[in-house]
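Examining the three-dimensional arrangement
One-letter residues, chain by chain:
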Amino acid sequence: MGFITLLLTFSIASLPFALLVKVELGIITFTPYLLGVVVLIPFTFYRIFAGGAIYRFNKIDLMLLILCLNYFVSTLFAKDVIGSGYLSFHGIFIPAASYFVCKGLLTTEKEISFFIRWNIISICVYLAILIYTVFAAGFKGRAFLFDWDSIVQGTLAVFAIIFLIYGNYFQRKIFKWILLCIALLGLVVCFSRGYLILMLFTPFLLIPMRRNRGKLVFVFLLTSTMFLTFFMAMNPEIVKPSKWDPKLENSTERLTNIDYWKFGIYSRLGSFKYSYNNFLKKPVFGSGLKRIGAGQEGSTVHNVHMEWLEYGGIIGYISYALVFFFLISRANRYFHSDKTTIASVMILLVIWLNGLTNGFMHGVMPYIAFIVAGICEARVKQIEFEYFQKRESKI
């Protein structure tokens with residue numbers, strides 16, 4: 001592997017441990033992951049314009065550019081410009097840059113396999129430490145390992161599990177199965193209810209996607225969940241729990257007691273109406289990302305639809321939705337024959353669906369989502385290039 005591929009792989013694979021080595025510079029927290037992505041941006045431009053690398057700027061890139069410009073505008077007009085800028089930097093701009101460098105620098109199937117393989121290993125090492133930590137504490141509840149919460153842990157586990165199940169990146173099967181067991185157990189001990197259910201749901205997504213119905217699947221999920229979001233916001237009593245003890249929220253009760261599942265939804269529904277009213281105040285560009293939650297470090301209303309509408313307005317919502325739609329549209333034609341494209345889209349859909357109760361633009365969810373999107377686009381670009389090469393050789 002070349003130096004740039006190694007640097008890219010190391011930078012992204014450092015993400016699970018990124019907060020162990022961080023440097024505060026003003027309002028920006030630099031980590032090996034963030035610094036690596038920033039450093040790799042000029043290398044990517046060089047490869048595209050001077051190194052002969054094929055990038056193929058397309059509708060996905062256009063929508064992503066519009067999305068970034070939209071959040072730049074919404075940040076300028078936000079009540080807390082610095083806070084909104086900080087969150088947009090981490091929730092929009094760096095994820096978009098991650099997509100750009102992955103798409104631009106992963107130029108061969110061998111490089112993609114190498115990149116995915118070492119990211120899986122890095123995540124499984126993190127999850128192995130998490131498993132030990134949880135069991136050493138008596139399996140009493142969630143553990144915030146290296147400052148990452150359960151949603152971050154679950155998102156990392158999903159990346160590893162889906163690529164291990166649907167891909168083929170390890171020659172030795174025993175190694176693959178050991179890593180898969182670690183990733184599955186890691187998903188359980190992080191107590192992420194949404195991801196646990198969604199992982200059981202993925203085989204049902206696979207059936208229509210194998211038949212090149214990926215676009216239809218996404219449109220159905222987008223419209224049906226939008227309707228469900230508004231319906232639940234207007235009828236919260238449907239999931240009102242009969243009892244709930246805040247002291248047990250992070251314990252095994254959140255997995256075994258249905259009232260704790262209900263409370264997880266019920267407690268979020270009140271914020272949906274609030275977000276919708278905020279969207280009506282600034283419907284075009286949105287109000288920009290806001291500092292909310294513990295420590296004022298996060299920004300989520302725990303629903304991807306309300307998040308996109310409130311923070312990004314109509315332009316932000318449509319741009320975000322079209323990024324997903326165009327990505328799935330391009331990968332759709334290769335689902336039946338290429339494992340990397342279908343695994344990538346499966347990860348994106350699982351993260352997006354989890355956003356219905358956890359939001360999307362916080363934690364590592366946007367990072368992982370756009371890294372995977374970059375992998376998918378890099379692979380589609382390679383398949384198309386190989387096809388045209390074969391076609392030209394026959395002429």
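The rules behind these values
- Numbers given for residues are sequential positions, taken from 1 along each chain in its written order.
- Two thresholds apply to this predicted model, a pLDDT of at least 70 for residue-level local features and 80 or more for giving and counting side-chain atom pairs, whereas whole-chain, interface and lining totals are computed over all residues.
- The side-chain figures draw on all heavy atoms in the structure; neither hydrogens nor water molecules are used.
- Strands are runs of DSSP state E lasting at least 2 residues, helices are runs of H or I lasting at least 4, and numbering of each runs from the N terminus.
- Using C-alpha atoms as the atom set, the radius of gyration is obtained and then compared with a globule rule of 2.2 Å times the number of residues to the power 0.38.
- Type-normalised accessible area, obtained with a 1.4 Å probe on protein chains alone, sets the label of each residue: buried when under 20%, exposed when over 50%, and partly exposed for intermediate values.
- Calculation of accessible area relied on Shrake-Rupley with a 1.4 Å probe; when residues are assessed, cover is drawn exclusively from the protein chains displayed.
- Scored from 0 to 100, pLDDT records how confident the predictor is in each individual residue.
- Here a residue-residue contact requires only that any non-hydrogen atoms of the pair lie within 4.5 Å.
- With a 1 Å grid spanning the protein atoms alone, the term cavity applies to any set of points in which a 1.4 Å probe fits but cannot get out, the term pocket to an open set with protein on both sides within 12 Å along at least five of seven lines, and the term lining residue to any residue with an atom within 4 Å of a point.
- Grid points are joined across faces, edges and corners, and a volume is the space filled by probe spheres set on the points.
- All amino acids are sorted into three groups, where Ala, Val, Leu, Ile, Met, Phe, Trp, Tyr, Cys and Pro are nonpolar, Asp, Glu, Lys and Arg are charged, and the leftover types, Gly among them, are polar.
- Here, expected helix span is obtained from the residue count minus one, scaled by 1.5 Å.
- Definition used in this section: a nonpolar core is a set of buried Ala, Val, Leu, Ile, Met, Phe, Trp, Tyr and Cys residues joined via side-chain atoms within 4.5 Å.
- Axis definition: a line fitted to C-alpha atoms, limited for helices to the stretch in contact. Angles are taken between N-to-C directions and run from 0 to 180 degrees.
- Angle categories: roughly parallel below 35 degrees, roughly antiparallel above 145, roughly perpendicular from 65 to 115, and oblique for all the rest.
- Helix crossings get a hand from a simple test, with the near helix turned counterclockwise from the far one by less than a right angle marking a left-handed crossing and a clockwise turn marking a right-handed one.
- The rule is short: rings of Phe, Tyr and Trp, with Trp giving its six-membered ring, pair when the centres are within 6.5 Å, and they are stacked under 30 degrees, edge-to-face over 60, tilted in between.
- The criterion is that NZ of a Lys, or CZ of an Arg, lies within 6 Å of the ring centre and within 35 degrees of the ring normal, and then a charge sits over that ring.

1. Things to note about the overall build of the chain
- Helices and strands together make up the secondary structure of the chain, namely 14 helices and two strands.
- Taking 395 residues into account, the globule formula puts the C-alpha radius of gyration at 21 Å, and the chain, at 21 Å, falls close to it.
- Buried residues in the chain amount to 55% of all 395 residues.
- Carbon and sulfur atoms provide 69% of the accessible area of the chain, an area that totals close to 17700 Å².

2. Some remarks on the confidence of the model for the chain
- The share of residues in the chain with pLDDT of 70 or more is 91%, and the mean pLDDT across the chain is 88.
- When the criterion is pLDDT under 50, residues 294-298 qualifies, and its contacts beyond four places in sequence or with other chains add up to eight contacts.

3. Let's talk about the layout of surface pockets
- In this structure, the second largest pocket encloses a volume near 370 Å³.
- Around the second largest pocket sit 14 residues that line it, and Phe45, Tyr55, Phe57, Asp61 and Phe100 are the ones nearest its centre.
- Listed by contribution, the elements that provide at least two residues to the lining of the second largest pocket are helix H2 (32-49), helix H3 (59-76) and helix H4 (81-105).
- Of the residues assigned to the lining of the second largest pocket, the class counts are 13 nonpolar, no polar and one charged.

4. A short note on helix H5 (residues 109-136)
- Helix length check: H5, at 28 residues, gives a terminal C-alpha distance of 40 Å against a target of 40 Å (1.5 Å per residue), a fit within 8%.
- Backbone geometry just after H5 places Gly138 at a positive phi near 90 degrees.

5. A look at the nonpolar core
- Ranked by internal contacts, the top residues of the largest apolar core, which has 127 residues, are Tyr33, Ile120, Phe163, Trp308 and Phe360.
- Of the residues forming this core, the biggest block, 14 residues, is contributed by helix H12 (residues 304-332).
- Among residues more than four places away in sequence, those in contact with Phe360 are Val304, Glu307, Trp308, Tyr320, Phe324, Ile351, Trp352, Met365, Pro366, Ala369 and Phe370.

6. What about unusual backbone geometry?
- Despite not being glycine, Arg56 has its phi angle at roughly 65 degrees, a positive value.
- Looking at the element boundaries, Arg56 is found in the loop between H2 and H3.
- You can call Arg56 partly exposed: its relative accessible area is 34%.
- Non-glycine residue Phe146 carries a positive phi angle of around 55 degrees.
- Residue placement: Phe146 occurs in the loop between H5 and helix H6 (150-166).

7. Some details on the packing of H6 against helix H13 (residues 339-358)
- Contact geometry of H6 with H13 gives a least axis separation of 9 Å together with a crossing angle of 155 degrees. Here H13 runs roughly antiparallel to H6, going by the angle between their axes. Along this stretch, H6 crosses H13, giving a crossing that reads as right-handed. In contact with Ile151, Thr155, Val158, Phe159, Ile162, Phe163 and Tyr166 of H6, H13 contributes Lys339, Thr340, Ala343, Ser344, Met346, Ile347, Val350, Ile351, Asn354 and Asn358.

8. Brief notes about the packing of aromatic side chains
- Going through the model one piece at a time under the given rule, you end up with 29 aromatic pairs.
- Within the aromatic cluster, the residues linked to one another by ring pairs are Phe218, Trp308, Tyr317, Tyr320, Phe324, Trp352, Phe360 and Phe370.
- For the cation-ring pair, Lys103 lies above Tyr55, with the distance from its terminal atom to the ring centre recorded as 4.2 Å.

9. What to know about the environment of Leu349
- When you line up the elements, Leu349 lands in helix H13.
- Judged by relative accessible area, Leu349 falls into the buried class, the value being 1%.
- Along the sequence, Leu349 and Leu198 sit 151 residues apart, while their C-alpha atoms lie 9.4 Å from each other.
- If we ignore the near neighbours within four places in the chain, the residues touching Leu349 are Leu205, Met209, Val217, Phe218, Leu221 and Ile328.

10. Overview of empty space enclosed by the protein
- Enumeration over the complete set of coordinates arrives at two cavities of 30 Å³ or more.
- Here the largest cavity defines a volume of roughly 60 Å³.
- If you go around the largest cavity, the residues you meet are Ile12, Ala13, Leu15, Pro16, Asn119, Ser122, Ile123, Leu156, Phe159, Ile368 and Ile371.
- Put simply, the parts of the chain that give the lining of the largest cavity at least two residues each are helix H1 (3-13), H5, H6 and helix H14 (365-394).

11. Some thoughts on the environment of Phe175
- Mapped onto the fold, Phe175 is located in helix H7 (residues 173-189).
- Those residues within four positions of Phe175 in sequence are excluded, and the remaining contacts are Ile121 and Phe170.

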